[in-house]
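Notes for the structure review
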Amino acid sequence: MAKQVRKAVFPVGGLGTRFLPATKAMPKEMLPVVDKPLVQYAVEEALDAGIEEIIFVTGRGKAAIEDFFDHSVELRQVLGERGKDAELHAIDVPVLEPGRVAYTRQQDALGLGHAVWCARELVGDEPFAVLLADDLVMAETPCLKQMLDVYTKTSGNVVAVVDVPKEHTERYGILEIASDDGRLAEVTGMVEKPDPDDAPSTLSIIGRYILLPRVFDYLSDRKTGAGGEIQLTDSMARMIGEAPFHGLRFEGIRFDCGDKSGFFEANVAFALARAELHDQVQEVINRYANGSDR
Ligand code: UTP
């Protein structure tokens, strides 16, 4: 039987250079989509999928994330005194039981692979999930839950994938696949940010992974790859052939919120999905679409 996936790693140590100056003094993961920070969506997804322990890999300037997932004693008191019930409800973010959330630091942003490696002692010898908060997924069944269902059957590594336009392969980790039933694909290789002409497919890995602890052995080599960074993709590739490895075309929509236009699109989509905002936002969109700028 597959060993249960209990822990999720949230690498939040990146510099977020594409969002400067906003990220000069605030973590990228705290950027709000409508009114909720990116990292809250990702943590809620993990908890909805049954994850029991959360490990953040943070860095300098990321303290706001720790404060966010803690009680807001003063705010709660003031809102209570003023009878602001809706606002009190809004600050009800998931506060994990002490001991079920851990923060470790990546002192130098050497790449995603290095960030995951920083969690090795906290994860230990068990399968674990990795979620990148800047990949936001809108789905009826949480994306990670869909992946865990696959893991339960395969006991192997699982990555969530989406098809991207060929000219975008150089932005993402891309899979080489063998059998493919249109939903689940067997992975035979993967390459980080390939040139469109060299890309083995257009199946791009998004920021959702279920990995076997073996990956830490490969990450320990600390070899740099594309962009001079320690890439998670390179170490994942070394596990192919050792254990089952699948790419899942999950049901849902992914928004690449590490990119400005993806972030903007996520705000539009999530606002339209909110009953109390839908009509107002639709009216604004129509106005701009009709060529009016006011
Ligand atoms: P990105 O490639 O989006 O990098 O990282 P970034 O630094 O966050 O942003 P840009 O490209 O400079 O704008 C993907 C994920 O990996 C994490 C990031 O926090 C993000 O969730 N990451 C990346 C780390 O935790 N550490 C790193 O050294 C690099």
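The preceding data block contains the structure.
**Considerations on the overall build of the protein**
Within the protein, the regular secondary structure consists of eleven helices and 13 strands. On C-alpha atoms alone, the protein measures out to a radius of gyration of 20 Å, which is about the 19 Å that the 2.2 N^0.38 rule sets for 294 residues. Overall, the C-alpha framework of the protein stretches about 60 × 50 × 35 Å when taken along its three principal axes. Going through the 294 residues of the protein one by one, you find that 47% of them count as buried. For the protein, restricting intrachain contacts to residue pairs at least 6 apart in sequence, the fraction spanning at least 24 positions comes to 75%. In the form shown here, the protein has an accessible surface area of approximately 14800 Å², with 50% of it arising from carbon and sulfur atoms. The averaged location of the 48 negative side-chain charges in the protein is 3 Å from the averaged location of its 32 positive side-chain charges.

**Focus: the packing of aromatic side chains**
Tallying each qualifying case throughout the model produces eight aromatic pairs. Three or more aromatic residues link up through ring pairs in this structure, and these residues are Phe10, Phe56, Phe68, Phe69 and Tyr103. In this structure, lysine 36 is placed above the aromatic ring of tyrosine 41, and the distance from its NZ or CZ to the ring centre is 4.7 Å. Across the ring face of tryptophan 117, the terminal group of arginine 120 is positioned such that the distance to the ring centre comes to 3.8 Å.

**Brief notes about helix H10 (residues 260-272)**
Helix length check: H10 (13 residues) gives 19 Å between terminal C-alpha atoms against 18 Å at 1.5 Å per residue, within 8%. For H10, the full list of buried residues reads Gly262, Phe263, Ala266, Asn267, Phe270 and Ala271. Looking straight down H10, one finds that the buried residues subtend no more than 165 degrees of arc, so they occupy a single side. Buried residues belonging to H10 abut strand S2 (32-33), helix H1 (38-48), strand S7 (135-138), strand S13 (253-256) and helix H11 (275-289).

**Here's the deal with the side chain of lysine 7**
As for its placement among the helices and strands, lysine 7 is situated in strand S1 (residues 7-11). Once residues lying within four places of it in the same chain are set aside, the contact partners of lysine 7 are Ile51, Glu53, Ile55, Leu122, Val123, Glu126, Phe128 and Ala129.

**Some remarks on the nonpolar core**
Counting residues in each nonpolar core, the largest one holds 51 residues, and the members touching the most others are Phe10, Val33, Phe56, Leu136 and Leu144. Residues in contact with phenylalanine 10, not counting those within four places in the same chain, are Ala42, Val43, Ala46, Ile54, Ile55, Phe56, Val57 and Leu131. In terms of nonpolar packing, the next biggest core, distinct from the first, is built from 30 residues, Val116, Leu175, Leu219 and Met236 among them.

**Details of the pairing of strand S6 (residues 128-131)**
With burial as the criterion, each face of S6 is covered, one bearing Phe128 and Val130 and the other bearing Ala129 and Leu131. Sheet topology places S1 next to S6; three bridges connect them, and they run parallel. Note on S6: the bridge partner recorded for valine 9 is valine 130. In this structure, S6 lies alongside strand S11 (residues 203-211), joined through four bridges in antiparallel fashion. Counterpart to valine 130 in the pairing with S11 is tyrosine 209.

**Details of the packing of H10 against H11**
In the contact formed by H10 and H11, the axes pass within 8 Å of each other and the chain directions differ by 135 degrees. If you check the angle between H10 and H11, you find them oblique. Judged by residue contacts, Val268, Ala271 and Leu272 of H10 engage Leu277, His278, Val281, Gln282 and Ile285 from H11. Of the residues contributing to the contact of H10 with H11, the split by class is six nonpolar, two polar and no charged.

**What about the site of the ligand?**
Thr17, Arg18, Lys28, Gln106 and Gly111 are the nearest of the 18 residues found near the ligand. In the model, an oxygen atom of the ligand is placed 3.1 Å from a nitrogen or oxygen of the glycine 16 main chain. Glutamate 29 has a polar side-chain atom sitting 3.0 Å from an oxygen atom of the ligand. In the complex, the protein chains occlude 84% of the 560 Å² of accessible area that the ligand would expose alone. Looking at the shell around the ligand residue by residue, the classes come out as eight nonpolar, six polar and four charged.

Thresholds, definitions, all that
- Residues numbered from 1 in each chain as written.
- Predicted model: local features only at pLDDT ≥ 70, side-chain atom pairs only at ≥ 80, totals over all residues.
- Heavy atoms only, no water.
- Helix = DSSP H or I, 4+ residues; strand = E, 2+ residues; numbered from the N terminus.
- Rg over C-alpha atoms; globule rule 2.2 N^0.38 Å.
- Buried < 20%, exposed > 50% of the residue type's maximum accessible area, 1.4 Å probe, protein only.
- Contact = heavy atoms within 4.5 Å.
- Areas by Shrake-Rupley, 256 points an atom, 1.4 Å probe, with all protein chains shown as cover.
- Lys, Arg positive; Asp, Glu negative; His and termini not counted.
- Charge placed at Lys NZ, Arg CZ, Asp CG, Glu CD.
- Phe/Tyr/Trp six-rings, centres within 6.5 Å; stacked < 30°, edge-to-face > 60°.
- Lys NZ or Arg CZ within 6 Å of the ring centre and 35° of its normal.
- Expected span 1.5 Å × (residues − 1).
- Arc of directions from axis to C-beta.
- Core = buried A, V, L, I, M, F, W, Y, C linked by side-chain atoms within 4.5 Å.
- Pairing = 2+ DSSP bridges.
- Axes fitted to C-alpha atoms, helices over the stretch in contact; angles between N-to-C directions.
- Parallel < 35°, antiparallel > 145°, perpendicular 65-115°, else oblique.
- Nonpolar A, V, L, I, M, F, W, Y, C, P; charged D, E, K, R; others polar.
- Near = heavy atom within 4 Å.
- Polar contact = N/O pair within 3.5 Å; in protein donor to acceptor, adjacent residues only side chain to side chain.

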